[in-house]
Amino acid sequence: MKRTPLYDFHIQAGAKMVEFAGWEMPILYTGIVEEHNHTRTAASIFDVSHMGRLELRGTDAEALLQHVCTRQLGDAAVGQSRYSHICNEDGGILDDVIVSRYSDRWLVVCNASNRERIVDWLRQHAAGKDAQLTDTTEQTMMVALQGPKVMQILAVKLPIPLDDLKRYRFKSGDFMGIPYTIFRSGYTGEDGVEMILPGNVAPLLLPMVTDTMDAGLAIRPAGLGARDTLRLEAGMPLHGHELTESTDSISAGLAWCVDLKKDFIGASKLREVAAKGPARKLMGLELEGRRIARPGTTVSDGGRAVGEVTSGTLSPTLGRSIAMAYVDAAVAEPGHILNVDLGGKPNPAVVVSLPFCKR
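Residues numbered from 1 in each chain as written. Predicted model: local features only at pLDDT ≥ 70, side-chain atom pairs only at ≥ 80, totals over all residues. Heavy atoms only, no water.

(A) View of the nonpolar core. Formed by 25 residues in total, the largest nonpolar core has its most connected members in Leu145, Leu162, Ile182 and Met195. Counting residues per element, the ones that place at least two in this core are strand S10 (140–146), helix H5 (150–157), strand S12 (178–183), strand S13 (192–198) and helix H6 (202–210). Listed in part, the 23 residues of the second largest apolar core include Leu54, Val99, Trp106 and Val108. (Core = buried A, V, L, I, M, F, W, Y, C linked by side-chain atoms within 4.5 Å. Buried < 20%, exposed > 50% of the residue type's maximum accessible area, 1.4 Å probe, protein only. Helix = DSSP H or I, 4+ residues; strand = E, 2+ residues; numbered from the N terminus.)

Next up, the structure:
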């Protein structure tokens, strides 16, 4: 398994390590619920160095990204990031990515499990074009600092002012010989930033952001377990669960990241879905009781199967069992009561709009 530049920190902090997409990653430190709640109320740091970081340069780099991405990128300003999908010819989602425009290059951040696929896909469609791809994943580190107190803490701890940084914008530069990029983004539903730095500065970063004399302003480490429960509460999709090659952007409720006026791979299929309306929609479910609905669990209406759960958990914030599921469009109305098959027994669940929790 690969190890991120923060591996030694995880071990020293007592993390329970697991394999994830070929990387040895922390699933938890003190406990998923405790880390989840600290993120919702204060500030946490997540190691997301396993995610792919792909740089594109050349006169055709923008045209390449316009061709493979669903989002309109041509009018993106330098210093701006945009969420997009990369689809196959049938409109199925190969991955969801964040695309950022620098003055001299583009950056694509992709999911760890899809990194090799996206590298191959970009290189395949870059053939014959002036577009050079550099995979910087294993030479850099990436951390996410998330929570309502993050910006307050960083205003004291970082030498780079961030008070003017807007959502889905970034700052990049060089501080004392260390190149950096700081994005105002995240995957928890909370405020915060994501930072890309050279891998060799890991020993310097952690004490700077985690050490504090004020316990109320402590940034604590959080693992993949809390990252998953946080994103689920925020109604954020996860590739391999809500997003797959068998699902499309429209049915996932993410039509806002698709520009059907431009041509891109999979556009014709997505135009068909948009014109007809999706047969199934991604919705939230709040289950009766505290049992958790696992991915693949059948959702039914009047004894008839109408959908399938994609993710589920016991929400630490709400104290209720929640799930995301694709259900037939005819029953995808908030307030509609469906049943989720838990251990062979129907468990009532009410359809709700996403997200479950709002900041």
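(B) Fine view of the sheet that holds S13. Read across the sheet, six strands follow the order S11-S12-S13-S10-S4-S14 without closing on themselves; strand pairing throughout is mixed. For this open sheet the edge positions go to strand S11 (170–175) and strand S14 (220–221), each flanked by a neighbour on one side alone. In terms of strand pairing, strand S4 (residues 44–47) meets S10 through four bridges, oriented antiparallel. Residue Asp47 lies in a different strand from S10, and its bridge partner there is Val143. Along the sheet face, helix H2 (residues 32–41) touches S4, S10 and S14 and points at about 120 degrees away from the line of S4. (Pairing = 2+ DSSP bridges. Contact = heavy atoms within 4.5 Å. Axes fitted to C-alpha atoms, helices over the stretch in contact; angles between N-to-C directions.)

(C) How the structure looks around the packing of aromatic side chains. Scanning the entire structure with this criterion turns up three aromatic pairs. Between Tyr83 and Trp256 the ring centres are 5.5 Å apart and the planes differ by 35 degrees, which places this aromatic pair in the tilted class. Placement of the pair is Tyr83 in strand S6 (residues 80–87) and Trp256 in the loop between helix H7 (224–233) and helix H8 (267–276), with a sequence separation of 173 residues. Considering the side-chain rings of Phe170 and Phe183, the 5.3 Å spacing of their centres and the 45 degrees angle between planes classify their relative orientation as tilted. Residue Phe170 is found in strand S11, and its partner Phe183 is found in strand S12; the two are separated by 13 residues along the sequence. For the pair shown, Phe170 and Phe183 are each scored as buried. Taken together through their ring pairs, the aromatic side chains of Tyr102, Phe170 and Phe183 make up a single cluster. Across the ring face of Tyr7, the terminal group of Arg3 is positioned such that the distance to the ring centre comes to 4.0 Å. Between Arg105 and the ring centre of Tyr102, over which it is positioned, the NZ or CZ distance is 3.9 Å. (Phe/Tyr/Trp six-rings, centres within 6.5 Å; stacked < 30°, edge-to-face > 60°. Lys NZ or Arg CZ within 6 Å of the ring centre and 35° of its normal.)

(D) Main features of the pattern of salt bridges. Per the counting criterion, the structure on display carries 19 salt bridges. The shortest N-O distance in the salt bridge between Arg105 and Glu55 comes to 3.4 Å. Separated by 50 residues along the polypeptide, Arg105 in the loop between strand S7 (93–101) and strand S8 (106–110) and Glu55 in strand S5 (residues 52–57) bring together distant segments of the chain. Exposure remark for Arg105: the relative accessible area of 19% places this residue in the buried category. Among the residues examined, Glu55 registers a relative accessible area of 15% and is labelled buried. Measuring nitrogen to oxygen at the nearest pair gives 2.9 Å for the salt bridge that ties Asp164 to Lys171. (Salt bridge = Lys/Arg side-chain N within 4 Å of Asp/Glu carboxyl O.)

(E) Local environment of helix H3 (residues 61–68). Ala61, Leu64, Leu65, Gln66 and Val68 are the residues of H3 that are buried. Next to the buried residues of H3 lie S5, S6, S7, S8 and helix H4 (115–126).

(F) Region of the structure containing empty space enclosed by the protein. Under the defined criterion, the tally for this structure stands at two cavities of 30 Å³ or more. Here the largest cavity defines a volume of roughly 50 Å³. Lining the largest cavity we find Leu6, Phe9, His10, Tyr29, Ile45, Phe46, Asp47, Val143, Leu206 and Pro221. Elements represented by at least two residues in the lining of the largest cavity include exactly helix H1 (7–12) and S4. For the lining of the largest cavity, the residue count by class is eight nonpolar, one polar and one charged. (1 Å grid on protein atoms, 1.4 Å probe; cavity = no way out; pocket = protein on both sides within 12 Å on 5 of 7 lines; lining within 4 Å. Points joined across faces, edges and corners; volume = space filled by probe spheres on them. Nonpolar A, V, L, I, M, F, W, Y, C, P; charged D, E, K, R; others polar.)

(G) The arrangement of the sheet that holds strand S1 (residues 2–3) in detail. Read from one edge of the open sheet, three strands run S1-S3-S2, paired in mixed fashion. The two strands at the open ends of the sheet, each matched to only one other strand, are S1 and strand S2 (16–20). Pairing analysis gives five bridges linking S2 to strand S3 (residues 23–28), with the strands arranged antiparallel. Across the sheet, the residue bridging to Lys16 is Leu28, located in S3.

(H) Structural context of the environment of Tyr102. Summarising the element assignment, Tyr102 is placed in the loop between S7 and S8. Separated by 176 residues in sequence, Tyr102 and Pro278 have C-alpha atoms that sit 36 Å apart. Other than its neighbours up to four places away in sequence, Tyr102 contacts Val78, Leu107, Phe170, Ser172, Thr181 and Phe183.

(I) Structural view of the packing of H3 against H4. Direction vectors running N to C along H3 and H4 enclose 115 degrees, while the axes themselves pass 10 Å from each other. At the point where H3 passes H4, the crossing takes the right-handed sense. Of the residues in H4, those touching H3 at Leu64, Leu65, His67 and Val68 are Trp121, Leu122, His125 and Ala126. Across the contact of H3 with H4, the residue classes break down as six nonpolar, two polar and no charged. (Left-handed = near helix turned anticlockwise from the far one by under 90°.)

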